[in-house]
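# Per-entry structural report
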Amino acid sequence: MNSKYFDISYSSIEQAVIKHSAQSWFLYAYKDFNKRYHVKKPLEWIKNNLAKESVVFENGCGAGINLLWLHEQGFKNLQGTDNDPAAINAAKEIVNSSGYSIAFEVDNGINPQTLNSNSLDVIISLNWTYHAPEFDLQSFVKKHSQYLRDGGYMIFDCIDSSYNNTPNNQYKTQDWKKPIDQRRTTEYISRYSIDEVKSICAKSELEVLHVFSKNELIKKLANVILRKYTIVPRNIFIAHKK
């Protein structure tokens, strides 16, 4: 079950996740790394465009799967935080057992307390911000841009605002077949158009250099009548601090 995209073994990940009662979802993040375009694409961009000495920070890092991959590509100045102690304990267990050097801490991804101004070359925020009820992109970009060095990069993804036109978009995707009174609020809480994101970044002196777009099929609904409404449009942004 080992992934050809990692040197570290699946069993190392699994043992740490089980030991610290972390989310089993992290095992999927390892096994299906190549299928997760919104993660693999920006990480490959980092690998191909940035110096291996770059200070790379990921908030909402979970058990550190993305940082593990970057470490195996030669990046050594890696840091990650998550607000879930179980995830961070699992991440520490994984790097300790593998001999990797990655710094992990528990911290709030939206309002971090452990970062210093002008200390980072890259900030990665993938696959979580749009799920957080308290998330506001403009506040997030403004706050986090202060931690970037001049010439640094902020890499993040957003659900495109065109998802607002999808029938049932206000409900949780796995509830779409349930009676309306049993449906929960959508998991895709915040949504922004590409132009909105560019405008927000510009206010914090960030220039969007690249946008990678991907229409994601929700697998849970792939075989039901609602098939044609199961696309979630996602954009990945690479913004540069001037």
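I will try to describe carefully the structure that is included in this document. For clarity, every value in this text was computed on a predicted model and none was experimentally measured. (Residues numbered from 1 in each chain as written. Predicted model: local features only at pLDDT ≥ 70, side-chain atom pairs only at ≥ 80, totals over all residues. Heavy atoms only, no water.)

The secondary structure content of the chain amounts to 7 helices and 7 strands. In the chain, the succession of α and β elements from N to C terminus is α-α-α-β-α-β-α-β-β-α-β-α-β-β. Its C-alpha atoms put the chain at 50 × 45 × 30 Å along the principal axes. Per-residue burial for the chain yields a buried fraction of 53% across its 242 residues. Residue pairs in contact within the chain that sit at least 24 positions apart in sequence constitute 69% of those at least 6 positions apart. Surface summary for the chain: the accessible area is close to 11600 Å², and the carbon and sulfur share equals 44%. Each charge sign in the chain was given a centre, from 30 positive and 26 negative side chains, and these centres are 6 Å apart. (Helix = DSSP H or I, 4+ residues; strand = E, 2+ residues; numbered from the N terminus. Buried < 20%, exposed > 50% of the residue type's maximum accessible area, 1.4 Å probe, protein only. Contact = heavy atoms within 4.5 Å. Areas by Shrake-Rupley, 256 points an atom, 1.4 Å probe, with all protein chains shown as cover. Lys, Arg positive; Asp, Glu negative; His and termini not counted. Charge placed at Lys NZ, Arg CZ, Asp CG, Glu CD.)

All right, on to helix 7 (residues 194–203) then. Listing the buried residues of helix 7 in full gives Val 197, Ile 200 and Cys 201. Buried residues in helix 7, looked at end-on, bunch into an arc of 100°, giving them a common side. Those residues of helix 7 that are exposed and angled more than 90 degrees off the buried face are Asp 195 and Lys 203. In the segment just after helix 7, Glu 205 is the residue with positive phi, at about 60°. (Arc of directions from axis to C-beta.)

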